[in-house]
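Okay, here's what each chain looks like letter by letter:
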Amino acid sequence: MHRDLRSYRSLLHPLWIGALALLVLNDHALKGSGLLPGWVTGKLSDFAGMLVAPAVLASLLRVSSRRGFLGAHVATGAVFSAIKLAPEAARAVEGLMALTPLPWRITVDPTDLLALPVLLVSYRVLGEAARRPEPAQRPIAHRLALMAGSLSCVATSYEPPPCGEAEGCLPPQPQELASLVIGNATETEQLFRVRRLRETARVDCSAMLADPAGTLSRDLFANAETWLIAPGRALPLGNAGCDAYLIDADGLPLTLLAWSAEQFPEQLLVTTTENSLPDRMIALQRAGARLELAEHPAVFDAPPAEPPPPADACGVSTQGSRLDWTLPVSEAAVLTGITSSPDGCHALALERGDRGDTFFLCAPAEAIPFSEGELLHVSRVAIDGGDYPERPENERALARGIHIESETHAVLVLQGNVLARGSMVGRQASTDFLAELTPLKGCSGFHDACGSLVAPLEVSLLGDGVSGVVSLRAGESAALAEGAETLLVVRAEDMPVRNAECFTAPIDQPRLLESVWIAATAAP
């Protein structure tokens, strides 16, 4: 590694001296003077600081290589990015500087990252200056420059003194990164209770926003957090994608807030009622003896405490059995017995030589057309991709299943977003079918025990292997290939809002199809 660099030489370059002068002038004269807007003086400090700070850091560390000079620039950019993007990092640095005579106040503002390209200018220009030979030794000039640069860096974001009674003095406004704020427009402190969607909630934003109170259930929300908000202050609420909150307070009934980041993207918002952006503040105000949230596009009635029961047309879906299985045996085995339980699960006793094993399969009885004494081959099936008509638009075909084959029958048990068919286990594609899925008539959906929104589907089959057009609901079956095959639909549902914590399917996706394909003769 070449050590031909003396970082302190960059401190006497005209670019660095000019940046230092601008930094000092801006922080101690222009800021708060009213001569320039606040956002201009803030950006000036950022741009000047990106020229001053890396050279100061490199000089303090006595960097003597190009790699070390580059490292000082990378470290400066990393710290600057952290405190401008993460409030936690900004608060940590503020806490550290509070131990010194020069405390900082850092504004978290991602737009300040526009100053980062200046680091490239600093590295190229000041790095070249650090490699040039000096015309003469200037130890005093170097030390004075390093002292001035160090002081300007640590004092650049000092906490301004209180305004007091000075005319025209405006205290800094508190800001937070948020999408919306709830402002306390009353004359007293208010205790807010806030419940956010659980981290395990999966939400189709377009479906949720079409009917927030109908698609969401209270079971999808986490435990409440409490916030005491003073009059004139506002509570920030973030949303980086698609989110919802349940809000209530003493005198305020439970209210639903729901919106998408496309409607209200996160930005720095003032957390006071006086200077907040009108479209970003939801005011908590008096309505006689009660409280209410002002009208806003993100305010909705809360979901009912008890979701309405499913309509009669949804009964087939809610009462249908579910598919499940244990890991299959790794070798062919002889079926020695079948024990069925009332819940629809079956224990298949298998024997391989002098060893016995049990394979469990939860499925309708039609899915087990095997007899004692038959030799069974059980294997896993995974579908990842492929062209299937019932596959949801903009989604990849995904499914997991079990293939059981004997000399007389072949069975495919499948869970995913596509239906089971013979081509998945080696059958000729000529027996395949086309499938179309539509919402079940008379059933607008219902909430299950986990709070997920379930919208049952009807399956319409057609194609060479189907006689005409056959419509199936959960629990119904259809003959295929002139009766040589059968497709049993166990479950067909869309779940645009679901709780992944208690979602039992192997693949977390908005459409869940459970089906069984049965062939009367084994595949060739």
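None of these values were measured; they are calculated from a predicted model.

Points about unusual backbone geometry
Reasoning step 1: The phi dihedral of Asn394 falls on the positive side, at around 65°, and the residue is not glycine.
Reasoning step 2: Looking at the secondary structure, you find Asn394 in the loop between strand S17 (375-384) and strand S18 (398-405).
Reasoning step 3: The class of Asn394 is exposed, set by a relative accessible area of 75%.

Remarks on the sheet that holds strand S8 (residues 252-260)
Reasoning step 1: Strand order in the open sheet made by the five strands is S5-S3-S7-S8-S12, with antiparallel pairing throughout. Edge positions in the sheet fall to strand S5 (225-229) and strand S12 (299-301), since each of these pairs with one other strand and no more. Strand-to-strand, the axes of this sheet are offset by a mean angle of 35°, without reference to chain direction.
Reasoning step 2: Looking at chain direction, S8 and S12 are connected through three bridges and run antiparallel. The residue bridging Leu256 from the neighbouring strand is Phe300, located in S12.

Section: the state of the cysteines
Reasoning step 1: Following the criterion strictly, the structure yields two disulfides and no others.
Reasoning step 2: In this model Cys205 forms its disulfide with Cys242; the gap between the sulfur atoms is 2.2 Å. In this structure the cystine formed by Cys205 and Cys242 twists about its S-S bond by roughly 85°; its chirality is therefore right-handed. Here Cys242 lies in strand S7 (residues 242-249) and Cys205 lies in helix H7 (residues 205-210), a separation of 37 residues in the sequence.
Reasoning step 3: Note on Cys242: relative accessible area 22%, which makes it partly exposed.

Concerning helix H4 (residues 87-97)
Reasoning step 1: Every buried residue belonging to H4 is among Ala90, Glu94 and Met97, and all of these are buried. Seen along its axis, H4 keeps its buried residues to an arc of 65°; they face one direction. In this structure, H4 carries Glu88, Ala92 and Leu96 as exposed residues pointing more than 90 degrees from its buried face.

Quick notes on the packing of aromatic side chains
What describes a pair of aromatic rings is the distance from one ring centre to the other and the angle between the planes of the rings.
Reasoning step 1: Summed over all chains, the structure comprises two aromatic pairs.
Reasoning step 2: Here the aromatic rings of Tyr245 and Trp259 are separated by 5.7 Å at their centres, their planes lie at 15°, and the arrangement is stacked. Pair noted here: Tyr245 is in strand S7 and Trp259 is in strand S8, with a separation of 14 residues, a long-range link. Trp259 carries the same exposure label as Tyr245, and that label is buried.
Reasoning step 3: In this structure, Arg421 packs its charged tip against the face of Phe433, placed 4.3 Å from the ring centre.

Reading the values: rules and limits
Residues numbered from 1 in each chain as written. Predicted model: local features only at pLDDT ≥ 70, side-chain atom pairs only at ≥ 80, totals over all residues. Heavy atoms only, no water. Helix = DSSP H or I, 4+ residues; strand = E, 2+ residues; numbered from the N terminus. Buried < 20%, exposed > 50% of the residue type's maximum accessible area, 1.4 Å probe, protein only. Pairing = 2+ DSSP bridges. Axes fitted to C-alpha atoms, helices over the stretch in contact; angles between N-to-C directions. Disulfide = S-S within 2.5 Å. Arc of directions from axis to C-beta. Phe/Tyr/Trp six-rings, centres within 6.5 Å; stacked < 30°, edge-to-face > 60°. Lys NZ or Arg CZ within 6 Å of the ring centre and 35° of its normal.

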